[in-house]
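# A look at the structure
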Amino acid sequence: MSDCAASQSVMSKTFNYLELCARSHEFLRRGCSFTPMDVSWAGDLIIINETILKQSEVNDMRGGDCVVEHKYPAQSEECSETTVGLPNQYVVESTDIRTGGANTFEYTVPKATNEEDETQWDLNIYQSLNDCGVLMDGGDALQHPSVMGRVVSLCGTIDKQGMNPQAHYLDNRKSYSKDPDNGLLVAIRTGFKWNWEIRYAPVERNLTAGLMMSDDVTAAFRAALAEEGMTDDDVFEFGMI
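Quick look at the structure, then. All residue numbers here refer to positions counted from 1 along the written sequence of the relevant chain. Two thresholds apply to this predicted model, a pLDDT of at least 70 for residue-level local features and 80 or more for giving and counting side-chain atom pairs, whereas whole-chain, interface and lining totals are computed over all residues. Where side-chain values are given, they derive from all heavy atoms of the structure, hydrogens and water being excluded.

The next subject is the layout of surface pockets. In this analysis a 1.4 Å probe is tested at points of a 1 Å grid over the protein atoms alone, and where it fits but cannot get out there is a cavity; an open set with protein on both sides within 12 Å along at least five of seven lines is a pocket; lining residues have an atom within 4 Å of a point. Grid points are joined across faces, edges and corners, and a volume is the space filled by probe spheres set on the points. Here the largest pocket defines a volume of roughly 180 Å³. What lines the largest pocket is simply Phe34, Thr51, Leu53, Thr108, His144, Ser146, Met148, Arg150 and Gln161. Put simply, the parts of the chain that give the lining of the largest pocket at least two residues each are β4 (45-63), β10 (139-146) and β11 (148-153). In the scheme used here, Gly and all other residues not listed as nonpolar or charged are polar, with Ala, Val, Leu, Ile, Met, Phe, Trp, Tyr, Cys and Pro taken as nonpolar and Asp, Glu, Lys and Arg as charged. The residue makeup of the lining of the largest pocket, split by class, is 3 nonpolar, 5 polar and 1 charged. The way it works is that DSSP assigns letters per residue, a run of H or I at least four long becomes a helix, a run of E at least two long becomes a strand, and they are numbered from the N terminus.

A few words now on a nonpolar patch on the surface. Patch membership needs two things, relative accessible area over 30% and no salt bridge, and members are linked within 9 Å if like-charged or within 5 Å if nonpolar (Val, Leu, Ile, Met, Phe, Trp, Tyr). To measure how exposed things are, a 1.4 Å probe is used in the Shrake-Rupley method; for residues, cover is taken only from the protein chains shown. Basic side-chain nitrogens of Lys or Arg form a salt bridge, by our definition, when they fall within 4 Å of a carboxyl oxygen of Asp or Glu. A contiguous nonpolar patch, built from Met11, Phe15 and Tyr17 and spanning about 350 Å² of accessible area, is present on the exposed surface. One can find Met11 in helix α1 (residues 10-15).

When two rings of Phe, Tyr or Trp (its six-membered ring) have centres within 6.5 Å they constitute a pair, described as stacked for plane angles under 30 degrees, edge-to-face for angles over 60, and tilted for the intermediate range. Evaluation of the coordinates by the stated rule reveals 2 aromatic pairs. Considering the side-chain rings of Phe15 and Tyr17, the 5.7 Å spacing of their centres and the 20° angle between planes classify their relative orientation as stacked. The rule is simple: take the accessible area with a 1.4 Å probe, protein chains only, and divide by the maximum for that residue type; under 20% is buried, over 50% is exposed, in between is partly exposed. Judged by relative accessible area, Phe15 falls into the partly exposed class, the value being 48%. The partly exposed category is assigned to Tyr17, whose relative accessible area is 46%. Ring centres of Tyr107 and Trp121 lie 5.0 Å apart, and the angle between their planes is 75°; on these two criteria the pair is classed as edge-to-face. Placement of Tyr107 in the loop between β6 (82-85) and β7 (122-125) and of Trp121 in the loop between β6 and β7 is noted, with a sequence separation of 14 residues between them. The ring of Phe34 has Arg150 lying over it, and the distance from NZ or CZ to the ring centre is 4.7 Å. The rule for a charge over a ring is simple: NZ of Lys or CZ of Arg within 6 Å of the ring centre, and within 35 degrees of the ring normal.

Further remarks concern the pattern of salt bridges. Counting across every chain of the model gives 10 salt bridges. Between Arg30 and Glu57 there is a salt bridge, and its shortest N-O distance comes to 2.4 Å. Highlighted residues: Arg30 in strand β3 (residues 24-42) and Glu57 in strand β4, separated in sequence by 27 residues. Residue classification places Glu57 among the buried positions, given a relative accessible area of 8%. Between Asp60 and Arg62 there is a salt bridge, with its nearest N and O atoms 2.8 Å apart. Since its relative accessible area comes to 16%, Asp60 is described here as buried.

Another point: the environment of Val58. By the element assignment, Val58 lies in strand β4. Exposure remark for Val58: the relative accessible area of 3% places this residue in the buried category. With 29 residues separating them along the chain, Val58 and Arg29 place their C-alpha atoms 5.1 Å apart.

So yeah, pure geometry; function would need other evidence.
Given below as structure tokens:
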């Protein structure tokens, strides 16, 4: 019931009681998961080739604000007006969860504002039965498999997306101490055109804030290859970085 409503139970009708009933029912469950299906590793980089995005929402809002009380008028000069209702510690109210003001988050794939325009979500799917065997808890769901890959660093500061990603991770910061080029070299290939990004961090570089603190040396690396008469394919396709 959306507002306070008078109702009559068998007992109240028999004894001519006055009843006032109210309910504020709020149930909102939202979920969003991103599951890698094909995973490999390159040092501190995880390479994801296939993923499934799952989203769901069950939104069951009924009832609303209501003051459950009844005022009895004064019956005589000696008997003043009397108010009876719920104890003070109880209240029938709605919260801003109904309008998206609490416990909400943004979906990766949002729903259309109008149901008739929705092309990706499956809408109004019932999930369970009540005690009478009637379907209830209607909600919406989305399952979206994708062949779009990603390369993500454990620190979370590198997250590249593209088709058929590749990554190479060469770390010699603790070996060959006399080598002036000691450091960490990372090469990531993503995109439809297989774009490479090469990053380098010398041994003294502080990477506690993440791999993005390394230097983007893509242009300098390609220039050095060109001086040797080489291209990306001459090196990266064999994992020789």
